[in-house]
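As a plain string of letters, each chain reads:
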Amino acid sequence: MSFDLGLQNTRALVTGGTKGTGAAIVDALANAGAQVIATARSIPADARKGVHFIAADVATSEGCAAVADGVLAAFGGVDIIVHVVGGSSAPGGGFAALNDEIWLRELNLNLMPAVRLDRALLPGMIAQGSGVIVHVTSIQRALPLPEATTAYAAAKAALSTYSKSLSKEVSPKGIRVVRVAPGWIETDAAVALAERLAEQARTDYDGGKKIIMDALGGIPLGRPAKPSEVADLIGFIVSPRAGAITGTEFVIDGGTIPTV
Ligand SMILES: NC(=O)c1ccc[n+]([C@@H]2O[C@H](COP(=O)([O-])OP(=O)(O)OC[C@H]3O[C@@H](n4cnc5c(N)ncnc54)[C@H](OP(=O)(O)O)[C@@H]3O)[C@@H](O)[C@H]2O)c1
């Protein structure tokens, strides 16, 4: 059996594609032969050659329009969209610390880029009768953590519901829509956080990691996922090998979600 993913010469857009999980997904798709466009607010000096980067703030409608225009200008259309951009910068302190401005910021980063970019690029996919869209959500859509990420978790839940509804609408037109819900991923930012926590608690890196895992209620596997492991899952999902998969969610969390 061959494991060729059959992605040669497909056209793929990856948002949030310069760091962490998004950078790993860009690498995985480019290594599999896809033509990749990646977006972020700034393009690193050591950005991968052969990948087309567009600098834009996709938390704004103008930024999303610039990305959609750039994709159409460079490729004339797109076969794969992986919505990776997301995250939270909300302060701790529970519900009372979340004012309107913070709520809107979390929604504008975690929900609206997907809504806006899909709206701009789906008509082309529908016209060609094919395409795959992956929405990267989070296990927090089902397992919210109230200290600082209530708005983030709610935005990811909205993204999940939006994704499911979209899949019902466009799967009959040949477009697959799939959610990927990661648990903790050991990105560079996560490593930095674990190191900070370790320093505060006067422990080592493994101790810092344990503090994060304990906050999640534990990870039965005993470790976070690697960005490349999330990228491998998404590489499969967007490939023709996953041609029967749409309207569903893949959880990659080392067993963190405690229920069936
Ligand atoms: N890391 C985790 O443990 C974890 C767990 C569950 C779910 N997730 C989800 O997985 C996805 C990736 O997370 P990550 O931790 O790998 O990301 P990350 O390392 O924080 O990287 C975020 C990427 O998005 C870009 N970006 C951020 N804000 C942007 C904006 N306003 N406009 C355009 N680009 C922007 C960043 O580049 P610039 O800064 O240059 O813009 C960067 O390329 C997110 O949706 C996150 O919610 C992550």
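None of these values were measured; they are calculated from a predicted model.

Conventions used here
- Residues numbered from 1 in each chain as written.
- Predicted model: local features only at pLDDT ≥ 70, side-chain atom pairs only at ≥ 80, totals over all residues.
- Heavy atoms only, no water.
- Near = heavy atom within 4 Å.
- Polar contact = N/O pair within 3.5 Å; in protein donor to acceptor, adjacent residues only side chain to side chain.
- Areas by Shrake-Rupley, 256 points an atom, 1.4 Å probe, with all protein chains shown as cover.
- Helix = DSSP H or I, 4+ residues; strand = E, 2+ residues; numbered from the N terminus.
- Nonpolar A, V, L, I, M, F, W, Y, C, P; charged D, E, K, R; others polar.
- Buried < 20%, exposed > 50% of the residue type's maximum accessible area, 1.4 Å probe, protein only.
- Lys, Arg positive; Asp, Glu negative; His and termini not counted.
- Salt bridge = Lys/Arg side-chain N within 4 Å of Asp/Glu carboxyl O.
- Contact = heavy atoms within 4.5 Å.
- Domains from an automatic or database assignment.
- Buried area = accessible area lost by both parts, 1.4 Å probe.

Draft legend 1. Quick look at the site of the ligand. In the neighbourhood of the ligand, 28 residues make up the surrounding shell, with Thr18, Thr21, Arg41, Val84 and Tyr152 lying closest. Val58 is positioned with one of its backbone polar atoms (N or O) 3.0 Å from a nitrogen atom of the ligand. Between the ligand and Val84, the relevant distance is 2.7 Å, taken from an oxygen atom to a main-chain nitrogen or oxygen of the residue. The protein chains hide 87% of the 890 Å² of surface that the ligand would expose on its own. Within the residue set of the shell around the ligand, elements represented by two or more residues are helix 1 (20-31) and helix 5 (150-170). Split by residue class, the shell around the ligand holds 12 nonpolar, 12 polar and 4 charged.

Draft legend 2. Summary view of the side chain of Asp118. Here Asp118 shows up in helix 4 (residues 112-128). Buried Asp118, no salt bridge; nearest opposite-charge side chain is Arg119, N-O distance 9.5 Å. Separated by 2.9 Å, the side chains of Asp118 and His135 make a polar contact. Look past the residues within four positions of Asp118 in its chain and what remains in contact with it is Ile81, His83, Pro123, Ile133, His135, Tyr162 and Leu166.

Draft legend 3. Structural context of the domain arrangement of the chain. By domain assignment, the chain separates into domain 1 (11-185 + 226-252) and domain 2 (186-224). Computed from C-alpha coordinates alone, the two centres of domain 1 and domain 2 are separated by 25 Å. Each partner contributes residues to the interface: domain 1 has 9 residues there, and domain 2 has 11 residues. Each partner contributes to the roughly 890 Å² buried at the junction of domain 1 and domain 2, and carbon and sulfur atoms together form 68% of this total. With a closest N to O distance of 2.9 Å, Arg223 and Glu229 form a salt bridge.

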